[in-house]
Each structure stands twice: as C-alpha cells, then as structure tokens.
Amino acid sequence: NTLSIGLMAGTRLALTNNTLFGNGDVLITAEPRVGGCDGSERLTARNNIFLGGKDHHQPSERSALSWIGGCSSLSLDADYSVTYGVKGTCKIGGHDTCADPKLGPLSGHAYGMVPKDGSPAIDTGLKVGGAVPGLDFNRQKRPKGKGVDRGAFEAR
C-alpha cells in the first residue's frame with residue numbers, strides 16, 4: 001500500500017497537494033490503532049493526484065483508491081482530485097476528475113511526478129490559503145500559471 005494511516009480516537013487528517021502512485025493493493029489505507037474510533041475522526045483529501053498501477057501481487061488487478069477498516073463512520077472525503085488507474089470508484093467529490101494526470105515516466109532514472117502539458121491537474125486546484133500551501137514539494141511558489149496545480153508539483 002502507498003499510504004497507511006493508523007487512527008486514534010478523534011484523529012483529523014488532511015491530505016493536501018500530494019501525488020500518490022502505487023502498485024500495491026490500495027493507495028490509501030486507514031484503520032484504528034490504540035483506543036479505536038469514536039466517530040469524530042475525519043480524513044479529507046484536497047488538490048491531490050492519485051494514480052493506481054497494477055497490483056504487484058495480483059497483476060490482473062489495479063490498486064484501489066482507499067480502504068478504511070474498523071471505523072464504520074469514517075470514509076475518505078476527497079475533492080479536487082485527479083484520479084486514474086484505480087479499481088472501483090475514482091470520483092468521490094463533485095470537483096474530482098477521473099482522467100490520466102499525464103505523469104511519467106513511471107520507472108527508471110527519469111522518473112517523473114510533475115504533470116505534463118495537457119494534464120487535467122494543471123491550473124485546476126483550490127486556491128492557496130487555508131490548507132493549500134503556497135509552495136510545492138520543490139519549494140516553488142504556487143501558482144505558477146493561471147491557477148494552483150493539483151498534486152505535489154507546480155508544472156510550469
């Protein structure tokens with residue numbers, strides 16, 4: 001799995017402007033740890049790119065977007081995501097896009113997570129402020145173009 005989250009009662013976690021790619025069973029897993037869940041837990045995701053690959057252990061299947069176990073009242077609250085190549089649902093929020101984010105190559109020395117020209121992630125994210133950081137993963141100012149890019153990197 002790409003990201004595994006251990007929840008405690010009352011955990012509130014926001015995933016903002018991330019790029020997650022994986023060849024495992026699930027991109028995001030969450031389950032309770034010490035103390036379990038009390039119903040107040042929240043897992044939100046905004047301005048992300050989620051790219052599923054072939055499941056390493058079952059190559060005939062793709063990675064799932066999320067799996068949450070042991071907390072019946074918790075679900076992934078995602079919006080403004082670009083999701084592609086996952087089994088099951090790829091659109092959760094009203095502003096989510098199910099399309100190829102145009103990343104890559106996804107192997108070798110030229111490995112690339114920056115969206116290429118024509119990516120639906122470019123200039124379509126939420127504005128800087130609140131949970132949306134003013135710098136990308138490389139500490140480059142957001143936005144570079146007309147708007148904030150979804151994912152960890154500003155493309156141009």
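Here the structure is a predicted model, which means the values were calculated and not measured.

Colleague: I keep staring at the pattern of salt bridges and nothing clicks. Help me out?
Modeller: Where charged atoms from two side chains of opposite charge approach closely, those side chains can pair. Counted according to the given criterion, the structure contains 4 salt bridges. Linking Lys87 and Asp25 is a salt bridge whose minimum nitrogen-to-oxygen distance equals 3.5 Å. With Lys87 in the loop between β9 (82–84) and β10 (97–98) and Asp25 in the loop between β3 (19–22) and β4 (26–32), this pair connects stretches of sequence that are 62 residues apart. Its relative accessible area of 30% is what places Lys87 among the partly exposed residues.

Colleague: Please clarify how the environment of Arg139 should be interpreted in this entry.
Modeller: As for its position among the elements, Arg139 is in the segment after β10. The sequence separation of Arg139 and Phe153 amounts to 14 residues, and the corresponding C-alpha distance is 9.0 Å.

Colleague: Looking at this model, I keep getting lost on the sheet that holds β4. Mind explaining?
Modeller: Pairing is parallel across the open sheet formed by 3 strands, whose spatial order is β1-β4-β7. Looking at the sheet topology across the chains shown, the edges are occupied by β1 (3–7) and β7 (64–68). Mean inter-strand twist for the sheet, computed between neighbouring axes without regard to direction, equals 10 degrees. Here β4 pairs with β7 via 4 bridges, running parallel. Bridge pairing links Ala30 to Ile68 in β7.

Colleague: Would you explain the environment of Arg142 in this entry?
Modeller: Within the element layout of this structure, Arg142 appears in the segment after β10. Measuring from C-alpha to C-alpha, the distance between Arg142 and Glu154 comes to 6.7 Å, with 12 residues separating the pair along the chain. Setting aside its immediate chain neighbours within four residues, Arg142 contacts Asn17, Val128, Pro133, Gly134, Leu135, Asp136, Val148, Asp149, Gly151, Ala152, Phe153 and Glu154. Among the polar contacts listed, one links the side chain of Arg142 to the backbone oxygen of Gly151, at a separation of 2.9 Å.

Colleague: What am I meant to see in the environment of Glu154 here?
Modeller: Its place among the elements puts Glu154 in the segment after β10. Taking relative accessible area as the criterion, Glu154 reaches 3% and is therefore assigned buried. Separated by 24 residues in the primary sequence, Glu154 and Gly130 have C-alpha atoms spaced 18 Å apart. Look past the residues within four positions of Glu154 in its chain and what remains in contact with it is Val114, Asp136, Lys141, Arg142, Pro143, Lys144, Gly145, Gly147, Val148 and Asp149. Only 2.8 Å separates the side chain of Glu154 from the side chain of Arg142, close enough to count as a polar contact. At a separation of 3.1 Å, a polar atom in the side chain of Glu154 contacts the main-chain amide nitrogen of Lys144.

Colleague: Help me understand the pairing of β4, please; the structure alone is not making it clear to me.
Modeller: In the case of a regular strand, side chains alternate between the two sheet surfaces. Here β4 lies mainly inside the structure; 5 of its 7 residues are buried. As judged from the 5 bridges shared by β1 and β4, these two strands associate in the parallel manner. Bridge pairing links Ile5 to Ala30 in β4.

Reading the values: rules and limits
Each chain carries its own residue numbering, running from 1 in the written order of its sequence. A pLDDT threshold of at least 70 governs which residues receive local features in this predicted model, and a stricter bar of 80 or more applies before side-chain atom pairs are shown or counted, although totals over entire chains, interfaces and linings include all residues. Working from all heavy atoms in the structure, the side-chain values ignore hydrogens and water. Between Lys or Arg on one side and Asp or Glu on the other, a salt bridge is scored when a side-chain nitrogen of the former is within 4 Å of a carboxyl oxygen of the latter. Runs of H or I in DSSP of at least four residues are treated as helices and runs of E of at least two as strands, each being numbered from the N terminus. Burial classification: accessible surface area is computed with a 1.4 Å probe over protein chains only, and a residue below 20% of its type maximum counts as buried, one above 50% as exposed, and the rest as partly exposed. Between any two strands, pairing holds if DSSP finds at least two bridges. Lines fitted to the C-alpha atoms define the axes, with helices restricted to the stretch that makes contact. Angles between their N-to-C directions range from 0 to 180 degrees. Should any heavy atoms of two residues lie within 4.5 Å, those residues are counted as being in contact. A 3.5 Å cut-off defines polar contacts: any pair of N or O atoms within that distance qualifies, except that in protein one atom must be a possible hydrogen donor and the other a possible acceptor, and neighbouring residues in sequence count only when both atoms are side-chain atoms.

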